[in-house]
Amino acid sequence: MNATVRTRFAPSPTGSLHVGNARLAVLNWLVARNHGGSFLLRIEDTDVERNVHGSEDAILRDLRWLGLDWDEGPEYQGTPAPGGYGPYRQSERMQVYRDAAQELTDRGLTYPCYCTDEEVAARRAQLEEGAREAPDPCAALTDAQRAAHETAGRRPALRFRVSVDAPVTVTDVVRGTVEFAPETLSDFVLLRSDGRPTYNFGVVVDDIAMRITHVIRGAGHLPNTPRQVLLFQAFDAPLPVFAHVPTVLGPDRHKLSKRTGAQALEEYRAQGFHPDGLVNYLSLLSWSSPSGEEVLTREELIAQVTLERIGASDVVFDPVKLRWLSGKHIARMGTVELVRAVRPFLPDQLPFDESLLPEAIEAVRTHLETFADARAQIETLLPASEPVTVLAEEIPVLSAARELLDDAADWTPDTLKAIVREIGRAANVKGPALYTPLRRALTGAEHGPALVAILRVQGRERALAQLDRARGEAA
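All of the points below concern the structure found in this document. (Residues numbered from 1 in each chain as written. Predicted model: local features only at pLDDT ≥ 70, side-chain atom pairs only at ≥ 80, totals over all residues. Heavy atoms only, no water.)

## Notes on the sheet that holds strand β3 (residues 88-89)
If you trace the 3 strands from one edge of the open sheet to the other, you get β1-β2-β3, paired in parallel fashion. Single-partner strands in this sheet number two, and they are β1 (6-9) and β3. Of the strands in this sheet, β1 and β2 (38-43) touch helix α1 (residues 19-34), which is tilted by about 165 degrees from β1. (Pairing = 2+ DSSP bridges. Helix = DSSP H or I, 4+ residues; strand = E, 2+ residues; numbered from the N terminus. Contact = heavy atoms within 4.5 Å. Axes fitted to C-alpha atoms, helices over the stretch in contact; angles between N-to-C directions.)

Here's what the structure looks like:
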């Protein structure tokens, strides 16, 4: 494969991106980057009745958050744009579709259809009842009949004449060779009566114009493919490589979609998931690394993802594994980068000196699966809000700690480490017998971050007050 590979992600602005269609964006982006090709973004917004205000902006935000940059747009002139390009929008390409439709009409491959929606629905109902499909009554109208329809105010749709007597074959990277019997294919609409292109027509015209080499999409689009193949052939255009990837199912094994409870990407962003963790997880839905590794960087995914390793079976979305992968990517972050990422999820005013935040984050980072987890984890460093239970035999430890910490020359990590060791010697304890009563007195919990981190965050005054409080409660 070479640098001519061109893929596209073509969402409709009918709502937020969810993991099902975001996974398609990830695969298209990775395949393009793997081959040094181009990844295009095309907004399919001609179904105006279903478009949702603000949806396109939300889609662009989600893709940028995932780091899925696209390479071209309507203003593309063959050179990179510093701020990136806007996406292609089908609503801005209406003349392109009209010209393409005229080309097919000039070759006698189309005809105007004056059937009303009710008449079309009635024929469809007859088919569902088992009746044999009859030719479209508009396929052979005389000029007089057409004129009568026009006089009656009927506006025609434009239909494509399907003339096949052998199965239409679709070669798919994921599913192999799939055949569609000719009797399952009837004449279909290219342009609606208001001039808007149908899905199948707009997709093919755009894929040809944009020189798309690989069409990577969900398995639900496979039934559309034979009609699209006929259109590619009608335009004498080469067929792209088709890859219809498996459906993503929810934990209940029902299809995961916007309508069945799939969480929007913006919610994952708001919950503090690492975007690289999400890209990593979405890539593993039907694909696996040759190495068997699951925690993969973006660079490793680009180097390894190929269509040939995508399986054909439906896959189940696992939110637990997604959190785990998010945590693995968080664990790889440097301290400065991690602090910057978690800061928006913390209170504006921290309950300790802001300069101590890097130390606090380092103390709890192994417990972070999302950036939002930092808020609850940092609370494990703070003084207990409830009364503390202290055993009588633990009083000597707390008393030694109170005395030695009060006399501390400074509150630096090295000094505090030495004092904790000295507390153990003074109370003649070590291990859990030393750490457990101290941690419980300071935070109310028997397990948690390192003692030095707790002392650093709480500071001398609060730490001593906690020790006094614990000893008083034990008296």
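Right, picking up where we left off after that structure.
## What about the pattern of salt bridges?
Going through the model one piece at a time under the given rule, you end up with 29 salt bridges. The shortest N-O distance in the salt bridge between Arg-42 and Glu-44 comes to 3.2 Å. Assigned by exposure class, Arg-42 and Glu-44 land together as buried. Look at the salt bridges and you will find they share partners, linking Arg-8, Arg-42, Glu-44, Arg-93, Asp-206 and Asp-207 into a network. (Salt bridge = Lys/Arg side-chain N within 4 Å of Asp/Glu carboxyl O. Buried < 20%, exposed > 50% of the residue type's maximum accessible area, 1.4 Å probe, protein only.)

## A closer look at the nonpolar core
One broad trend across soluble globular proteins is that nonpolar side chains are buried collectively. If you look at the biggest cluster of nonpolar residues, it comprises 50 residues, and the most contacted ones within it are Phe-352, Leu-405 and Leu-438. If you list the elements that add at least two residues to this core, you get α12 (335-342), α13 (357-364), α14 (373-379), α15 (395-406), α16 (413-427), α17 (432-443) and α18 (451-474). With 10 residues, the top contributor of residues to this core is α18. Apart from the residues within four sequence positions on either side, Phe-352 is in contact with Leu-357, Ala-360, Ile-378, Leu-382, Val-457 and Arg-462. Counting 49 residues, the second largest nonpolar core, distinct from the first, contains Ile-43, Val-279, Phe-317 and Leu-322. (Core = buried A, V, L, I, M, F, W, Y, C linked by side-chain atoms within 4.5 Å.)

## Quick word on the packing of aromatic side chains
Scanning all chains against the criterion turns up 5 aromatic pairs. Geometrically, the ring pair formed by Tyr-268 and Phe-273 is edge-to-face, given 5.2 Å between the ring centres and 80 degrees between the ring planes. Ring plane angle 80 degrees and centroid distance 5.4 Å describe the contact between Tyr-281 and Phe-317, whose orientation is recorded as edge-to-face. Placement of Tyr-281 in helix α9 (residues 275-283) and of Phe-317 in the loop between β12 (315-316) and α11 (319-331) is noted, with a sequence separation of 36 residues between them. By relative accessible area, Phe-317 is classed as buried at 6%. The ring of Trp-65 carries Arg-269 above its face, with NZ or CZ at 6.0 Å from the centroid. (Phe/Tyr/Trp six-rings, centres within 6.5 Å; stacked < 30°, edge-to-face > 60°. Lys NZ or Arg CZ within 6 Å of the ring centre and 35° of its normal.)

## Remarks on the packing of α15 against α16
Look at α15 against α16: their axes get within 9 Å of each other, and the N-to-C directions meet at 140 degrees. On the basis of their axis angle, the class for α15 and α16 is oblique. For the crossing formed where α15 meets α16, the hand is right-handed. In this structure, α15 uses Pro-396, Val-397, Ala-400, Ala-401, Leu-404 and Leu-405 to contact α16, whose residues at the interface are Leu-416, Ile-419, Glu-422, Ile-423, Ala-426 and Ala-427. (Parallel < 35°, antiparallel > 145°, perpendicular 65-115°, else oblique. Left-handed = near helix turned anticlockwise from the far one by under 90°.)

## Observations regarding unusual backbone geometry
With a phi close to 55 degrees, Asp-236 is a non-glycine residue in the positive phi region. For Asp-236, a relative accessible area of 71% translates into the label exposed. The phi dihedral of Ser-286 falls on the positive side, at around 95 degrees, and the residue is not glycine. Ser-286 sits in the buried class, given a relative accessible area of 12%.

## Section: the sheet that holds strand β8 (residues 188-191)
With respect to topology, 3 strands assemble into an open sheet ordered β4-β5-β8, the strand pairing being antiparallel. Each having just a single partner strand, β4 (110-113) and β8 make up the two edges of the open sheet. The average undirected angle you get between the axes of adjacent strands in this sheet is 45 degrees. Where strand β5 (residues 157-160) and β8 come together, 3 bridges link them in antiparallel fashion. Each bridged residue has a counterpart across the sheet, and for Leu-158 the counterpart in β8 is Leu-191.

## Quick look at the side chain of Ser-55
Its place among the elements puts Ser-55 in helix α2 (residues 55-66). A relative accessible area of 4% means that Ser-55 is categorised as buried. Of the polar contacts made by the side chain of Ser-55, one reaches the backbone oxygen of Gly-15; its length is 2.7 Å. For Ser-55, the residues in contact, after removing those within four places along its chain, are Pro-13, Thr-14, Gly-15 and Ser-16. (Polar contact = N/O pair within 3.5 Å; in protein donor to acceptor, adjacent residues only side chain to side chain.)

## Considerations on α12
Taken together, the buried positions of α12 are occupied by Leu-338, Val-339, Ala-341 and Val-342. Projected down its long axis, α12 carries its buried residues within an arc of 165 degrees, all on one side. The exposed residues of α12 that point more than 90 degrees off its buried face are Val-336 and Arg-340. Considering only its buried residues, α12 is in contact with α11, α13 and α14. (Arc of directions from axis to C-beta.)

## Some points on empty space enclosed by the protein
The rolling of a water-molecule-sized probe over the atoms marks out the regions of remaining empty space. Applying the stated criterion to the full structure yields 1 cavity of 30 Å³ or more. Ala-401, Leu-405, Val-420, Ile-423, Leu-438, Leu-442, Leu-451, Leu-455 and Leu-467 are the residues that line the largest cavity. With 3 residues, α18 is the single largest residue contributor to the lining of the largest cavity. (1 Å grid on protein atoms, 1.4 Å probe; cavity = no way out; pocket = protein on both sides within 12 Å on 5 of 7 lines; lining within 4 Å. Points joined across faces, edges and corners; volume = space filled by probe spheres on them.)

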